[in-house]
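# Per-entry structural report
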Amino acid sequence: MHESNREAAAPPNPYAQPDPGARPAQPPSAYQPPTFGQQSGVAAYAPAASGTALSAEKTRKADTAVQLSLAFGILAMSWLPLIFGPLAIWQGNRAESLGRSGTVGRTLGWIATLLGLLVLVAVVAWVYYLRTGGLERLLSQLPPGVV
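### Description of unusual backbone geometry
At Leu80, a residue that is not glycine, the phi angle is positive and equals roughly 50°. Counting through the fold element by element, Leu80 comes out in the loop between α2 (50-78) and α3 (81-97). You can call Leu80 partly exposed: its relative accessible area is 37%.

### Section: the side chain of Gln91
Mapped onto the fold, Gln91 is located in helix α3. If sequence neighbours within four positions are ignored, Gln91 has contacts with Ala65, Leu68, Ser69 and Phe72.

### Description of the environment of Thr132
Mapped onto the secondary structure, Thr132 falls in the loop between α4 (103-131) and α5 (134-140). Take Thr132: its relative accessible area is 41%, and that puts it in the partly exposed class. Within the local environment of Thr132, its side chain forms a polar contact with the backbone oxygen of Tyr128, the two atoms lying 3.0 Å apart.

### Overview of α4
Counted at 1.5 Å a residue, the expected span for α4 with its 29 residues is 42 Å, and the 42 Å between its end C-alpha atoms agrees. Gly105, Arg106, Gly109, Ala112, Thr113 and Gly116 are the residues of α4 that are buried. Just past α4, the residue Gly133 takes up positive phi, approximately 85°.

### Regarding the pattern of salt bridges
Close approach of charged atoms allows side chains with opposite charge to pair. Applying the stated rule across the entire model yields three salt bridges. For Arg100, the salt bridge goes to Asp63, with nearest N and O atoms at 1.9 Å. Pair noted here: Arg100 is in the loop between α3 and α4 and Asp63 is in helix α2, with a separation of 37 residues, a long-range link. Exposure remark for Arg100: the relative accessible area of 37% places this residue in the partly exposed category. Asp63 sits in the partly exposed class, given a relative accessible area of 28%. With its nearest N and O atoms 3.8 Å apart, the salt bridge here joins Glu96 to Arg106. Here Glu96, found in helix α3, pairs with Arg106, found in helix α4; they are ten residues apart in sequence, far enough to count as distant.

The rules behind each value
- Residues numbered from 1 in each chain as written.
- Predicted model: local features only at pLDDT ≥ 70, side-chain atom pairs only at ≥ 80, totals over all residues.
- Heavy atoms only, no water.
- Helix = DSSP H or I, 4+ residues; strand = E, 2+ residues; numbered from the N terminus.
- Buried < 20%, exposed > 50% of the residue type's maximum accessible area, 1.4 Å probe, protein only.
- Contact = heavy atoms within 4.5 Å.
- Polar contact = N/O pair within 3.5 Å; in protein donor to acceptor, adjacent residues only side chain to side chain.
- Expected span 1.5 Å × (residues − 1).
- Salt bridge = Lys/Arg side-chain N within 4 Å of Asp/Glu carboxyl O.

Structure (structure tokens):
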């Protein structure tokens, strides 16, 4: 009995030939059945590593700022430049501070804002010119019969 314990504890012989009648060993299955208390297909909640979560959140915010900057810049070039222009500039600066390039939206915002201010000044000057009798003076300088 003492010898049988010694044989059972001996490591397997690496040079031994396999038994021809034995079935080959199956590789472990990739499927692991769910344990009690977990739903299949649903990962258990585990907080992400703080550095990874912060960088993913920062990347998401930067992408949103880039997209908003471009959208506001396009809107500013076509409609309400004095409202959407500053919004495009703001979002472009926010994208830059988060590490992404917001140059296109910010540039469109600046161009639209400056053009909007130029149009506003021109409209105010034209209204002032009309209110002070400028149109009557202009018409009086034309040759007779033109008007």
